[in-house]
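Listed here are the chains, written in short residue letters.
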Amino acid sequence: VFSPPRLSHHAMPAGVELQGHRGAGNHAAHNTLEAFRWAAEHGLHSVEYDIMCLGDGTLVVTHGPEMGVDSGIAKQDIGAMTLAEFTGLVERTGHPPVPLLSEVVDACREGGLVMNAELKSNAPAMVPDVLACIEKGGMVERTRFSSFHRGMLVAVAEAARGKPELEKVPLCALYNPAIAQEEGKVIRQKTPEDFATWLKESAGRELYSANLCAACVTAEEVQAARKAGVGVMVWYPVGEDSEESFRRMLEFGVDTICVNDVELFKRVAGGTTG
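Here we summarise the structure given alongside this text. Only a predicted model underlies this, so the values are computations on that prediction, with no experimental measurement involved. (Residues numbered from 1 in each chain as written. Predicted model: local features only at pLDDT ≥ 70, side-chain atom pairs only at ≥ 80, totals over all residues. Heavy atoms only, no water.)

**Examining the nonpolar core**
Consideration 1: Formed by 68 residues in total, the largest nonpolar core has its most connected members in Y49 and F145.
Consideration 2: Looking at this core, the element that brings in the most residues is helix α6 (residues 150–160), giving 6 residues.
Consideration 3: In contact with F145, other than residues within four places in its own chain, are A117, L119, V130, L131, I134, L153, V156, V169, P170, L171 and C172.
Consideration 4: Within the second largest apolar cluster, 9 residues are counted, among which are L54, I78, M81 and L89. (Core = buried A, V, L, I, M, F, W, Y, C linked by side-chain atoms within 4.5 Å. Buried < 20%, exposed > 50% of the residue type's maximum accessible area, 1.4 Å probe, protein only. Helix = DSSP H or I, 4+ residues; strand = E, 2+ residues; numbered from the N terminus. Contact = heavy atoms within 4.5 Å.)

Listed below in C-alpha cells is the structure:
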C-alpha cells in the first residue's frame, strides 16, 4: 500500500498530507520567501513551487504569470532574460522579489518543509544545476520533483543514475486532462484510455505519484493509480478550492492535497466545517 512519508507534527486529522500551492496558497504572494515561511509557521507538511531557468542559467522560483496578466511577463520570455533584466521587470510590476532557487531551498530546510519542486521550464539542460542546488542545500531527502513535461522527469532520472541518494528522489508526473475553459469553469476532457500506461511511462523509472488536477480528477483515476502502485496528489487551480471538493478528495483517499485555502482545508479535515 502506498504511504508517503509524513512528519508526525504536521499530520492532518484526516491522515492526508497538506501541501501549500506555490508556497502558501492564498495566504502570501505566490512563490515568495514570505510564502514558504508562512507555510512552515502554519503547520504545512510540504510546499509546491515552480522552478524556471533564465537565459543566463539562473534558477528562479516563479510561475511567471502570477505577477499579473498585464505585467508583460510570459513564460516563453523568461527563458531569454538575464537575471538583471528579469529582476528589473519584476520590480516594475510591483510584485515582491522573485527568489533564487537556492534561497527557497534554504527557507524550506529552515522551516522543516518537504519540497514539491515543479520543473516548470521545459529545459532538460537545467536539471544538473537544479540537482546540484538541492544537494548543496542539504535537501535531497526532502525533495520531490514534478513536471508536466515527461522529458524533464526522464532528465532527472538520467542525471541521478549512479548517484544513490539522488536515485531515491521521488518523481511525480503532473496530469491535467482539463485543458479547456468555458465561462470561467474548467471543462473536463475525457481521460485517455491509456492512463495506466501513461503512469508507468511518465518518468523513466518508478513513479512516486500522479499529481492530478482536483477540478477534474475522478475516483476511477485514483483507483487506476493505486492499481499501478502509484500515490496520488491532487492540486487546486487558483480560486477552485471548496469545502465540497475537499470532502470529495478525502473520500477518494488521496495521499496529498495541494491547496490555496489552507485554513478552509484544515477546518474540513478536522471535521469542524459544515
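**A short note on unusual backbone geometry**
Consideration 1: Positive phi is not limited to glycine here, since R22 has a value of about 55°.
Consideration 2: By the element assignment, R22 lies in the loop between β1 (17–20) and α1 (33–41).
Consideration 3: Residue classification places R22 among the buried positions, given a relative accessible area of 12%.
Consideration 4: If you check the backbone angles, N31 has positive phi at about 55° while not being a glycine.

**Observations concerning helix α3 (residues 83–93)**
Consideration 1: Taken together, the buried positions of α3 are occupied by F86, G88, L89 and V90.
Consideration 2: Backbone geometry just after α3 places G94 at a positive phi near 85°.

**Here we look at the side chain of R22**
Consideration 1: Buried and unpaired, R22 has D50 as its nearest opposite-charge partner, separated by 4.1 Å.
Consideration 2: Reaching out from R22, the side chain makes a polar contact with the side chain of H30 at a distance of 3.3 Å. (Lys, Arg positive; Asp, Glu negative; His and termini not counted. Salt bridge = Lys/Arg side-chain N within 4 Å of Asp/Glu carboxyl O. Polar contact = N/O pair within 3.5 Å; in protein donor to acceptor, adjacent residues only side chain to side chain.)

**Observations concerning the pairing of strand β2 (residues 46–53)**
The side chains of a regular strand alternate between both faces of the sheet.
Consideration 1: Of all 8 residues in β2, 8 are buried, a share of seventy percent or more.
Consideration 2: Side chains S46, E48, D50 and M52 project from β2 onto one buried face, and the interleaved V47, Y49, I51 and C53 project onto a second face that is buried too.
Consideration 3: Two strands pair when backbone bridges link them, and β1 and β2 are joined in this way by 2 bridges, in the parallel orientation. Opposite G20, over in β2, you have V47 as the bridge partner.
Consideration 4: Across 3 bridges, β2 lies against strand β3 (residues 59–61) in antiparallel orientation. Following the sheet pairing, M52 is matched in β3 by V60.
Consideration 5: Linking two consecutive strands that pair antiparallel, namely β2 and β3, is a turn of 5 residues; a positive phi of about 90° is found at G57 within it. (Pairing = 2+ DSSP bridges.)

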